[in-house]
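The chain contents come next:
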Amino acid sequence: MNHRDPDSSRYQEIVLHFVLTPKYRRPVFTRPIAQRLEDLIRFKAEQLNAEVLALAVQPDHVHLLIVPDTRRYTTAHLMQHVKGFTSYCLRLEYPQLATMPALWGRNYFVRSVGGGRKAVKQYIQDQGIAGRYDPTCTKTPLRLS
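Residues numbered from 1 in each chain as written. Predicted model: local features only at pLDDT ≥ 70, side-chain atom pairs only at ≥ 80, totals over all residues. Heavy atoms only, no water.

**Brief notes about the overall build of the protein chain**
Within the protein chain, the secondary structure is distributed over four helices and six strands. When each of the 145 residues of the protein chain is scored for burial, the buried share is 42%. Here the analysis covers contacts within the protein chain between residues at least 6 apart in sequence; of these, 71% occur between residues at least 24 apart. Carbon together with sulfur atoms contributes 50% to the accessible area of the protein chain, which is approximately 8200 Å² in total. (Helix = DSSP H or I, 4+ residues; strand = E, 2+ residues; numbered from the N terminus. Buried < 20%, exposed > 50% of the residue type's maximum accessible area, 1.4 Å probe, protein only. Contact = heavy atoms within 4.5 Å. Areas by Shrake-Rupley, 256 points an atom, 1.4 Å probe, with all protein chains shown as cover.)

Set out below in structure tokens:
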């Protein structure tokens, strides 16, 4: 998604690579939760006028390659919306997540991709099977009572 400011000759495309982790990096994203999380992230990105280029959900972290609308949202606001929305929805739908004090950790990693866009996209797609949950992960999902 290319963003052109209609009031000027400015044209920009910023591609960001995010890595998000659940609180204490607990492996809580089991297959059904991971699929729902992917759907929620894509839905929220569409609402925020952002384009998801690649997305990989692992049991204990998420990789997201996204082209945000920087005219409306800063990087911090984008993550605030994504993490807040997904946390709210997942904790309502999956009771085992509601017992956690918070779904997401406070921190996240973000890097502007620039010219290495294809390499980062391939890296994210290689996380798991075609960019999805990795069933061979050695970590067992956290069972919350």
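**Description of the environment of Val-113**
Note that Val-113 resides in the loop between strand S6 (104-112) and helix H4 (117-126). Residues Val-113 and Ile-66 lie 47 residues apart in sequence; the distance between their C-alpha atoms is 9.8 Å. Not counting residues within four places of it along the chain, the set of residues in contact with Val-113 comprises Val-15, Leu-16, His-17, Leu-65 and Val-120.

**Thoughts on the side chain of Lys-44**
Counting through the fold element by element, Lys-44 comes out in helix H1 (residues 31-47). At 12 Å, Glu-46 is the nearest oppositely charged side chain to Lys-44, a buried residue that forms no salt bridge. Once residues lying within four places of it in the same chain are set aside, the contact partners of Lys-44 are His-81, Val-82 and Phe-85. (Lys, Arg positive; Asp, Glu negative; His and termini not counted. Salt bridge = Lys/Arg side-chain N within 4 Å of Asp/Glu carboxyl O.)

**Considerations on the sheet that holds strand S4 (residues 51-58)**
An order of S4-S5-S3-S6 is seen for the four strands of this open sheet, with the pairing classed as antiparallel. The sheet is open, and its two edges are formed by S4 and S6, each paired on a single side. With direction set aside, neighbouring strand axes in the sheet form an average angle of 15 degrees. As paired elements, S4 and strand S5 (residues 61-67) share seven bridges and run antiparallel to each other. Each bridged residue has a counterpart across the sheet, and for Glu-51 the counterpart in S5 is Val-67. Sitting on the sheet, H1 touches S4, S5 and S6, and the angle it makes with S4 is about 160 degrees. (Pairing = 2+ DSSP bridges. Axes fitted to C-alpha atoms, helices over the stretch in contact; angles between N-to-C directions.)

**Some thoughts on the packing of aromatic side chains**
One pass over the structure, following the stated rule, counts three aromatic pairs. When the centroid spacing of 5.7 Å and the interplanar angle of 55 degrees are considered together, the rings of Phe-18 and Tyr-108 count as tilted. One end of the pair, Phe-18, is in strand S3 (residues 16-22); the other, Tyr-108, is in strand S6, and 90 residues separate them in sequence. Residue class for Phe-18 comes out buried when judged on its relative accessible area of 0%. The class of Tyr-108 is partly exposed, set by a relative accessible area of 30%. A cation over an aromatic ring shows up here: Lys-23 above the ring of Tyr-24, its NZ or CZ 5.4 Å from the ring centre. Residue placement shows Lys-44 over the ring face of Phe-85; its charged tip is 5.1 Å from the ring centre. (Phe/Tyr/Trp six-rings, centres within 6.5 Å; stacked < 30°, edge-to-face > 60°. Lys NZ or Arg CZ within 6 Å of the ring centre and 35° of its normal.)

**Some thoughts on the packing of H1 against helix H2 (residues 75-93)**
Remark: H1 packs on H2, axes separated minimally by 10 Å, with the N-to-C direction vectors making an angle of 140 degrees. Considering the angle they form, H1 stands oblique to H2. At the point where H1 passes H2, the crossing takes the right-handed sense. Note on element contacts: H2 touches H1 through His-81, Val-82, Phe-85, Thr-86, Cys-89, Leu-90 and Glu-93, opposite Ile-33, Arg-36, Leu-37, Leu-40, Ile-41, Phe-43 and Lys-44. For the contact of H1 with H2, the residue count by class is nine nonpolar, two polar and three charged. (Parallel < 35°, antiparallel > 145°, perpendicular 65-115°, else oblique. Left-handed = near helix turned anticlockwise from the far one by under 90°. Nonpolar A, V, L, I, M, F, W, Y, C, P; charged D, E, K, R; others polar.)

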